[in-house]
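Given next are the chains, with one letter for each unit.
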Amino acid sequence: MWPSSASTSDGWPSPLTSLPRAIAHVDCDAFFASVEQALRPELKGLPVVTGKERGIAAAMSYEAKRRGVVRGMRLSDVRRVCPEAVVLPNDYETYGLFSKRLFGILRRYTPDIEEYSIDEAFVDLTGTRRTHQASYEDIALRMKAAVESELGITVSVGLSLTRSLAKICSKERKPAGFVCVKGYELKAYLAHVPADRVCGLGPNSVALLAKYGVRTVLDYASRPEEWVRRLLGKTGVELWWELRGRAVYAVETALKAPASVSKTKTFTPPSGDREFVRAQLLRNVESACIKLRRHGLALKAIGVHLTTDEFRTSGLSAELSRATSSTIRAVEAASELFVRVYDPARRYRRTGVVLSELEPDSAGQADLFEDAVRLAKLRGVSAVVDEVNRLYGKHALHLAATDGLRSYAQHLGERGDHARRKIDLLRGETHRQRLGLPVWEVRLTR
Ligand SMILES: [Mg+2]
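Procedures and definitions
- Residues numbered from 1 in each chain as written.
- Predicted model: local features only at pLDDT ≥ 70, side-chain atom pairs only at ≥ 80, totals over all residues.
- Heavy atoms only, no water.
- Pairing = 2+ DSSP bridges.
- Helix = DSSP H or I, 4+ residues; strand = E, 2+ residues; numbered from the N terminus.
- Axes fitted to C-alpha atoms, helices over the stretch in contact; angles between N-to-C directions.
- Contact = heavy atoms within 4.5 Å.
- Donors = N, O, S within 2.8 Å, 3.2 Å for Na, K, Ca; no water.
- Buried < 20%, exposed > 50% of the residue type's maximum accessible area, 1.4 Å probe, protein only.
- Core = buried A, V, L, I, M, F, W, Y, C linked by side-chain atoms within 4.5 Å.
- Domains from an automatic or database assignment.
- Parallel < 35°, antiparallel > 145°, perpendicular 65-115°, else oblique.
- Nonpolar A, V, L, I, M, F, W, Y, C, P; charged D, E, K, R; others polar.

Engineer: Which parts of the structure should I look at to understand the sheet that holds strand β6 (residues 120–124)?
Structural biologist: Reading across the sheet, the five strands line up as β5-β6-β1-β7-β8 and stay open at both edges, with mixed pairing between neighbours. Both outer strands of the open sheet, β5 (113–117) and β8 (178–180), are each paired with one neighbouring strand and no more. Taking the axes of each pair of neighbouring strands and ignoring which way they run, one obtains an average angle of 15° across the sheet. Of the strands in this sheet, β1 (23–28), β5 and β6 touch helix α4 (residues 92–107), which is tilted by about 155° from β5.

As structure tokens, this is what we get:
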């Protein structure tokens, strides 16, 4: 069932095994805070905390961590434990650009990259030694150095035989750490790693294992397979193999197709303006359809929901006669639902849309009763919209129905703490339409 090469009769890698497979886990250190420090070198060495606009610490630099600031802490508490903290609003747009650059740099070494989260990736380096004329460790170290010098942030890298092991390794020496564990070092290494460091063993599993005297990862991986299966089931056994150096989980290079796509947006102050609320909803539909097409999917069902200023949510959904990826089709359906859900006596603070029953978007043949010309036109419109928005920024080309959003100042400046990127606009930019330029290159000209 499992590959048996280079392993001993007890299933552990043989004493000579180094890296039959080489999986790296790359994890940025204190990502949001590091990006802020990279953009503003004067912040380096200072305790930086992001999350000002929400009143909760989202990310913090290591200087802030050392003073006791933790994720999710209220800002009033942050100021108490660390009065000198530099508190900034989250700037997701810039973090997203850094994230794209990160994955781009990693792809120079191999196309086998899994974008695991905004600041983490799995990299399957297996088979790349000849191309790079270097050992796996050297390739991983080069990758790390390239990210750090080009982005100005630090990353921690773990390198081992499987994903689960690589992830344990990358946590070992944060920040800016590099840990490589080869097959013949595995048992000795795992003997000092506590079981709660395994991604996939939650607090309940760890507590259960502790009852049976399992405290380290080696304790866990040394138990018989059947014992693990009885206690933790199939997932437990998969992890057990991964921790013994046999890859069960592949590095998933394709973007995972979502089961549904939803977009929700809150605005302040709440509004009783029908056209404004409708425009908010349709903007969500536009955004959701863009994402849908990026995944090459079409929707068969659509749901809309509206939330009042008293936090009551009502919604409706509908099924379409034919799957579509067209914003125009989705907007038609959403508009009909909106009419039935909207209550003029209420004020709303949030709108949302859910696209579901997704299927691959095939040009497919129209059946006898469908207007094939219209279907082809809709498809053409979507392609043009996506291309224009790719070139000029998301929503540069949008529905007339959502154009009104530009004239509403309602959700601009209300909370007063927008990211710098949203305040310092370039010529030709508006708050909603910004050029997709990397800000750190633009700033050099100032
Ligand atoms: Mg991280």
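Engineer: How should the coordination of the magnesium ion be read in this particular structure?
Structural biologist: Note on metal geometry: ideal angles are 109.5 degrees for four donors arranged tetrahedrally and 90 or 180 degrees for six donors arranged octahedrally. For the magnesium ion, the protein coordination sphere consists of Asp27 (OD), Cys28 (O) and Asp119 (OD), at 2.2 to 2.4 Å. Here the donor residues of the magnesium ion are spaced in sequence according to D-C-x90-D. Residue Asp27 is located in strand β1, and its partner Asp119 is located in the loop between β5 and β6; the two are separated by 92 residues in the primary sequence. The exposure class of Asp27 is buried, given its relative accessible area of 7%.

Engineer: Explain the nonpolar core here, please?
Structural biologist: Across soluble globular proteins, nonpolar side chains show a tendency to be buried alongside one another. Core analysis: the biggest nonpolar cluster contains 62 residues, and Leu106, Leu125, Leu159 and Tyr220 have the highest contact counts within it. When residues of this core are assigned to domains, at least three map to each of domain 1 (23–27 + 95–243) and domain 2 (31–92). Phe267, Val277, Ala333 and Leu337 belong to the second largest nonpolar core, which has 31 residues in total.

Engineer: Can you walk me through the packing of helix α13 (residues 327–341) against helix α14 (residues 372–392) in this structure?
Structural biologist: Any two packed helices are characterised by how steeply their axes cross, that is the angle between the axes, and by the distance between the axes. In the contact formed by α13 and α14, the axes pass within 8 Å of each other and the chain directions differ by 105°. The pairing of α13 with α14 is recorded here as roughly perpendicular in orientation. In this structure, α13 contributes Thr327, Ile328, Arg329 and Glu332 to the contact, and α14 contributes Arg374, Leu375, Leu378, Val381 and Ser382. Taken together, the residues of the contact of α13 with α14 break down into four nonpolar, two polar and three charged.

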